[in-house]
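The residues making up each chain are set out below.
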Amino acid sequence: MAVNFYSSEDAGAPQWNTSVSVGKNNIIEILDAVLLTGYGSKPGLGWTKEMASTINDRTVYSNQSAHANKMNLLVQSHPSNSNGAMFQIAESVVTPEEFYGYSSCISCGTTYGVNRWIIIGDERTFIFALMPNSMKTSHFYVYAPNIIYVGDVDTDGFEMPNAWCLLGSHSYNGSMNTITNPNIGYGIFNSIGTTQVALTRPFTALPGEDWSENNMSFQCMALNMSRYITDYWPSKVSGIEDLDEFLTNVSYQSDWYIYLESKYVFRLRGCISFTPELFYFDKANGQTRGFVPFTIDGIDYCHSHNWNGMFFQTSGEW
């Protein structure tokens, strides 16, 4: 199916709410609306709600994977912070509290309150972002959103029944049941594996491997023909600040990939890099323009953040 772009700024979209009867916030209401029912003029992504806990707000969803097995996604509001949520994928789920063959657990949230949420995806994969309130202040170029990737990767024909993953910048090994006070803060999922090899467990298991909680080594990478943006401060970053100038000068685009265990290379769906780099923010109004779509050759994209070299495709198909 075509990619869809959802935002708390859409007409009829559920807003982030911390006044709830179960859990710390309404992350499940938001995911139900985006993954299942839709809202306003936007249909849902066609995922399935498998089950919900009777103990807390933990809910199990599944995708329409293109691989042999579907992915089970467990989500609950953050156990100790109303500005976040917990995510984990698993091969099999008996109940929301009993599941097996799981990935690392991702803590996704913001330290400075939630300004808005964004979801981009299809029936196989989605990208989820929480934007902190500080991105509307003088700290707009320092504090990034918190962004995770969950769902299918593309294997270019390589047979892998569980070719799906969960990526995020705050990752914890072990079951969601045992992680009680995880950290939250800003971070984009590709940043954990760009300049160094990351150690966590984004996949449940690899071909020929028995499941365990052990780390996997990986990097997220894309070919960019200019210097990769690594500095936070505007005065230190090379790149184009004006969107019209950027659109006129785009000369190259590349997909992002995950390089895993020095053995496998899989494409991250919907994740793009452009040359030259775009350092895109609004100095006058003091806010990043990340997640504001623009068009190149008839396809819409949005920038993840002003100092990160990842863009997301928001129209067409991944």
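Structure's up top.
Residues numbered from 1 in each chain as written. Predicted model: local features only at pLDDT ≥ 70, side-chain atom pairs only at ≥ 80, totals over all residues. Heavy atoms only, no water.

A. Summary view of the pairing of strand E6 (residues 98-102). As paired elements, strand E5 (residues 84-95) and E6 share four bridges and run antiparallel to each other. Residue pairing for E6: Ser92 is matched across the bridge by Tyr100. (Pairing = 2+ DSSP bridges. Helix = DSSP H or I, 4+ residues; strand = E, 2+ residues; numbered from the N terminus.)

B. The pattern of salt bridges, seen in detail. Applying the stated criterion across every chain, the model contains 10 salt bridges. Among the salt bridges present, the one from Lys49 reaches Asp32, with a minimum N-O distance of 2.8 Å. Note that Lys49 is positioned in strand E2 (residues 48-52) and Asp32 in helix H1 (residues 27-37), a separation of 17 residues in sequence. Since its relative accessible area comes to 17%, Asp32 is described here as buried. A salt bridge links Lys70 to Glu50; its shortest N-O distance comes to 2.8 Å. With Lys70 in the loop between strand E3 (59-62) and strand E4 (72-77) and Glu50 in strand E2, this pair connects stretches of sequence that are 20 residues apart. Judged by its relative accessible area of 41%, Lys70 is partly exposed. Glu50 gets classed as partly exposed once you look at its relative accessible area, which sits at 32%. (Salt bridge = Lys/Arg side-chain N within 4 Å of Asp/Glu carboxyl O. Buried < 20%, exposed > 50% of the residue type's maximum accessible area, 1.4 Å probe, protein only.)

C. Representation of the packing of aromatic side chains in the model. Applying the stated rule across the entire model yields 16 aromatic pairs. Ring geometry for Phe294 and Phe311: centres 6.0 Å apart, planes at 85°, overall edge-to-face. With a gap of 17 residues between them, Phe294 in strand E20 (residues 294-296) and Phe311 in strand E22 (residues 311-313) connect regions that are remote in the sequence. Exposure remark for Phe294: the relative accessible area of 5% places this residue in the buried category. Among the aromatic side chains, those forming a connected cluster through ring pairs are Phe246, Phe274, Phe294, Tyr301 and Phe311. (Phe/Tyr/Trp six-rings, centres within 6.5 Å; stacked < 30°, edge-to-face > 60°.)

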